[in-house]
Structure formats: structure tokens, C-alpha cells
Amino acid sequence: MSKIIYDVYKNTNEDSPSHGNFFGRIVHLETLNTRKLARHISEHGSVYTQDVVEGVLTKAEACIVEMLLESKKIKLEGLGTFYLMAENKKGGVVSLDKFNPKGAFKGLHIRFLPDSSADAQLNSKEMLAKATFMWAEDLKRDAAEGRPADEESGGTEGGGPSTEG
């Protein structure tokens, strides 16, 4: 069973209204590069070999960037939409005749909006409802005891340190 690993941290910022409160954050175990993602896709009963999948993904990456730089959005049905967003320099430009994008923009950022259609079910609430969690501390304990991470452990569904709230 797949599990999202999370950790808990305490807010130590004394200027924050939530100083002393606890917050969760996702622990990412690995970043899959194109080759690893292609291997994973090809292992899911695909008729395409890893090299073919990798070629398609590499081409898609280049084409997505190309289309974004042509002021187009890219919608991958069932996944979501990629688009560019401009980050302006603080304070803006004082007059329209002095506006120059190279000087006014601090950067361009690629944004992603998940597909929230009923078929995709990628909105944040649906993802949370589907997720199973494991506290990073339980993962460490299981590893120390030689128990596989998939095996049921002391981690609680959605809880970890506590199942309250």
C-alpha cells in the first residue's frame, strides 16, 4: 500500500501568531527524473519500452516549454494545466511609457493547476481523502527494526503522533 510520509515540526518564530503550534509537512523520499519516470510507466503493463516512453516524455517537456514561451497554456486532460505567470519587481513601474517587460518583470514562473473535473479527482480535498499517511518517525522505527515500510506499523492513518483533531 502506498503511503505519504510526513513529519511534524514546531513553529519557533516568536513573531508568528501560531508560535509554538505544530504543523505537518510532506517528506519526499526521491525525485524521479525522466528516465526513472519512464521506467516506472513502462513497468505498468505498457507495451512501450522504457526508451520509447522516455523519448516521448523528453519531447513533451521541450514542447511544453516551447508552447509556454508562445503564450499558450497546456492542458493535459486528467492531469491539469501548465501556464506562465509573471512576477513583477516590487513597486512596479511609475508610468506606462516606461514599462519594459525585461526591466519590470522579476521572473517568469511555470504554474500548474490540477484538473479538478469529476473524472480526474485531483483537487486537494479528493487527494487528501484518497491519501494514506505514515509518520516519518514510524518509518525510521520500522527501518531500525528491519520491518518493511509497507507493513502495518505503529503509524496511524492520518495521525502519527496523535489521532486527535
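Here the structure is a predicted model, which is why all the values come from computation and not from measurement.

Undergrad: Requested: an account of the packing of aromatic side chains, with residues and values cited.
TA: Across all of its chains, the model carries 4 aromatic pairs by this definition. Between the aromatic rings of Phe82 and Phe112, the centroid separation amounts to 4.9 Å while the plane-to-plane angle is 50°, which identifies the pairing as tilted. On the criterion of sequence distance, the pair formed by Phe82 in strand E4 (residues 80-88) and Phe112 in strand E5 (residues 105-114) is long-range, its members being 30 residues apart. Judged by its relative accessible area of 37%, Phe112 is partly exposed. A cation over a ring is seen here: Lys73 above Tyr83, with NZ or CZ 5.5 Å from the ring centre.

Undergrad: How would you sum up the environment of Phe23? Please name residues and give values.
TA: Structurally, Phe23 is set in strand E2 (residues 22-26). Phe23 has contacts with Asp7, Val8, Tyr9, Asn11 and Ser18, leaving out every residue within four places of it along the chain.

Undergrad: Give a description of the environment of Phe22 that names residues and reports values.
TA: Mapped onto the secondary structure, Phe22 falls in strand E2. By relative accessible area, which is 57% here, Phe22 ends up exposed. Not counting chain neighbours up to four residues away, the residues in contact with Phe22 comprise Val8, Tyr9 and Lys10.

Undergrad: Before we move on, can you summarise the sheet that holds strand E3 (residues 74-76) with the specific residues and values?
TA: In spatial order, the strands read E3-E4-E5; together these 3 strands make up an open sheet with antiparallel pairing. Unpaired on one side and paired on the other, E3 and E5 mark the two borders of the sheet. Going from strand to strand, the sheet's axes swing by 25° on average, the running direction of each strand aside.

How each quantity is defined
- Residues numbered from 1 in each chain as written.
- Predicted model: local features only at pLDDT ≥ 70, side-chain atom pairs only at ≥ 80, totals over all residues.
- Heavy atoms only, no water.
- Phe/Tyr/Trp six-rings, centres within 6.5 Å; stacked < 30°, edge-to-face > 60°.
- Helix = DSSP H or I, 4+ residues; strand = E, 2+ residues; numbered from the N terminus.
- Buried < 20%, exposed > 50% of the residue type's maximum accessible area, 1.4 Å probe, protein only.
- Lys NZ or Arg CZ within 6 Å of the ring centre and 35° of its normal.
- Contact = heavy atoms within 4.5 Å.
- Pairing = 2+ DSSP bridges.
- Axes fitted to C-alpha atoms, helices over the stretch in contact; angles between N-to-C directions.

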